[in-house]
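Listed below are the residues making up each chain.
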Amino acid sequence: MPNVGSGVIAAERGAFMDRIGLSFSGGLNPPDIVDCIQLADELGYESAWMAEGHGGDQFSILTACALRTKNILLGTSITSVFVRSAPTIAMAAASVDHFSNGRFVLGLGTSHKVQVEPEHGLVFDKAVPRMRECVEIVRELLRKGEVSYQGDVYNIENFDFWFEPLRREIPIYVAAVFPKMLEVCGEISQGALMTWCTLEHAATAAAHVAEGAKRAGRDPSEVEVATLMPCAVGSSGEGAMEGLKTNIARYATKFPRYRKLMENAGFTEELQEVRRAWDAGNEAEAVRLVPDELVDAIALVGSADKARSRLDEYRRAGITQPIISPRVSGENSKEEAMQIIRACAPR
């Protein structure tokens, strides 16, 4: 049964430089995602992750993957601590862990105000305390099988499992972008999960995770630093670049955190123009305005050799596991995703 700590995984699963994961956030139907993750398992990928968003129920898809795979770790990237209760998160995690025979990793995040409130009709408030308390509740439920909890956010009189978890401890990763949450990752989790990460941000983020770990009396090497890397490797050049630019334009317009992250990479003026065009309803113009240089700074596009070289740069910057995220859509999306998976497969 795998033990999910960054150093332990590297020792158990092969050379450090070969470690790579795969993630999906939509663009494919759930059965196609399962087929892609089965392929990744056969090719030696270390982990596969499913987003929550709008791409299908992540726990259902990961359960199907568990029944079709043998070795690959299966994780959520991420489960929102706002849209599910802590006990339902714990039960879902324990269930997938059963079906995967101990290969599940629980990735948690706060999501975004612009998603939680208009899309789910819930109040987005006290994000960091909610994250901390949710982690505590999930761990106690797994460890003891029951929990009573009174905190700043959660007040649970009593909740108990009516089944026996396979593992009394499941690895928990926490999504983060900026220093405060990155340090929380180092304090309370087995791993930090990022996305849209430049090389410079990777190095800074790894340092903040290590700082949080040290403050909590932990060895920083015990905390994974992972990032999802939007990817169109091996796909046709212009179409691949346009697909990534569409994703970047959407994220830069809709999500303030990621817009700030991209602006910090040196693209403030360009992203202001992108946002103005998108908000005015001219999405095609917004996509056209995304600089090629920004795509190269935060995504993988081009040849397989170029992608492998770029992945090695991220590893040297402090990313212990890069996670490629195929951004595909349309009639041939499954074939394109499989092409990307084959192109980036560990050697």
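Predicted model, so just to flag it, every value in this text is computed and none were measured.

A few words now on the overall build of the protein. Along its length, the protein carries 14 helices and twelve strands. Relative to its length of 347 residues, the protein is compact, with a C-alpha radius of gyration of 19 Å against a globular reference of 20 Å. Along the first, second and third principal axes, the C-alpha set of the protein runs to 55 × 40 × 40 Å. Across the 347 residues that make up the protein, the buried fraction comes to 56%. Sequence separation of at least 24 residues holds for 73% of the intrachain contacts in the protein that already meet a minimum separation of 6. For the protein, the accessible surface area stands at approximately 14500 Å², while carbon and sulfur atoms represent 49% of it. Once the 37 positive and 47 negative side-chain charges of the protein are each reduced to a mean point, those two points are 2 Å apart.

Turning our eyes to something else, we now look at the packing of helix α7 (residues 179-188) against helix α8 (residues 199-215). Between α7 and α8, the least distance of the axes is 6 Å, while the angle of their chain directions is 50°. Viewed along their axes, α7 and α8 adopt a mutual orientation that is oblique. In the crossing of α7 with α8, the sense of the turn from one axis to the other is right-handed. Two secondary-structure elements touch here, α7 through P179, L182, E183, G186 and E187 and α8 through A205, H208, V209, E211, G212, A213 and R215.

Helical geometry note: an α-helix holds 3.6 residues per turn, so side chains three or four residues apart project in the same direction. Most of α7 sits inside the fold, with seven of its ten residues counted as buried. For α7, the full list of buried residues reads M181, L182, E183, V184, C185, G186 and I188. Against the buried residues of α7 lie α6 (127-144), β8 (172-175), β9 (191-195) and α8.

Applying the stated criterion to the full structure yields 22 salt bridges. Via salt bridges that share partners, D32, D35, R68 and K334 belong to a single interconnected network.

Where helix α2 (residues 30-43) meets helix α3 (residues 58-68), the closest approach of the two axes is 9 Å, and the angle between their N-to-C directions is 40°. Considering their axes alone, α2 and α3 lie oblique with respect to each other. For the element pair α2 and α3, the recorded crossing hand is right-handed. Residues P30, I33, V34, D35, I37 and Q38 of α2 pack against I61, A64, C65 and R68 of α3. Grouping the constituent residues of the contact of α2 with α3 by class yields seven nonpolar, one polar and two charged.

What follows is about unusual backbone geometry. Peptide bonds are, in most cases, trans, and in most cases residues other than glycine have a negative phi. For the bond from S77 to I78, the omega torsion is 10°, close enough to zero to count as cis. Looking at where I78 falls in the secondary structure, it is placed in the loop between β3 (73-76) and β4 (79-80). Look at N101: it is not a glycine, yet its phi comes out positive at around 55°. In this structure, N101 sits in the loop between α4 (86-99) and β5 (104-109). You can call N101 exposed: its relative accessible area is 52%. Phi is positive for W196, which is not a glycine, with a value near 50°. The class for W196 is buried, based on a relative accessible area of 0%.

On to the side chain of S77, then. Its place among the elements puts S77 in the loop between β3 and β4. Assessed through its relative accessible area of 11%, S77 is described here as buried.

With that settled, consider the nonpolar core. F24, I37, Y45, L106, L108 and I324 are the most contacted members of the largest nonpolar core, which has 85 residues in total. With nine residues, the single largest contributor to this core is α6. Dropping the residues within four chain positions of it, L106 is found in contact with F59, T76, T79, I89, A93, V138, I170, P171, I172 and Y173. Within the second largest apolar cluster, 27 residues are counted, among which are W196, F267, L271 and V274.

What describes a pair of aromatic rings is the distance from one ring centre to the other and the angle between the planes of the rings. A complete count under the given rule lists eight aromatic pairs for this structure. Aromatic side chains F161 and F163 sit 4.7 Å apart centroid to centroid with 25° between the ring planes, which places their arrangement in the stacked category. The exposure class assigned to F161 is buried, which follows from its relative accessible area of 9%. Judged by relative accessible area, which is 30%, F163 ranks as partly exposed. A cation over a ring is seen here: K260 above F178, with NZ or CZ 4.9 Å from the ring centre.

Our focus in this paragraph is the environment of I33. Relative to the helices and strands, I33 is located in helix α2. For the pair I33 and S23, spaced ten residues apart in the sequence, the C-alpha separation amounts to 9.5 Å.

Time to look at the pairing of strand β6 (residues 146-150). The alternating pattern of β6 places V147 and Y149 on a buried face and E146, S148 and Q150 on a face that is not buried. Here four bridges tie β6 to strand β7 (residues 155-160), and the two strands are oriented antiparallel to one another. Across the sheet, Y149 pairs through a bridge with I156, a residue of β7. Linking β6 back to β7 in an antiparallel pair, the connection comprises four residues.

Definitions and cut-offs
Residues numbered from 1 in each chain as written. Predicted model: local features only at pLDDT ≥ 70, side-chain atom pairs only at ≥ 80, totals over all residues. Heavy atoms only, no water. Helix = DSSP H or I, 4+ residues; strand = E, 2+ residues; numbered from the N terminus. Rg over C-alpha atoms; globule rule 2.2 N^0.38 Å. Buried < 20%, exposed > 50% of the residue type's maximum accessible area, 1.4 Å probe, protein only. Contact = heavy atoms within 4.5 Å. Areas by Shrake-Rupley, 256 points an atom, 1.4 Å probe, with all protein chains shown as cover. Lys, Arg positive; Asp, Glu negative; His and termini not counted. Charge placed at Lys NZ, Arg CZ, Asp CG, Glu CD. Axes fitted to C-alpha atoms, helices over the stretch in contact; angles between N-to-C directions. Parallel < 35°, antiparallel > 145°, perpendicular 65-115°, else oblique. Left-handed = near helix turned anticlockwise from the far one by under 90°. Salt bridge = Lys/Arg side-chain N within 4 Å of Asp/Glu carboxyl O. Nonpolar A, V, L, I, M, F, W, Y, C, P; charged D, E, K, R; others polar. Core = buried A, V, L, I, M, F, W, Y, C linked by side-chain atoms within 4.5 Å. Phe/Tyr/Trp six-rings, centres within 6.5 Å; stacked < 30°, edge-to-face > 60°. Lys NZ or Arg CZ within 6 Å of the ring centre and 35° of its normal. Pairing = 2+ DSSP bridges.

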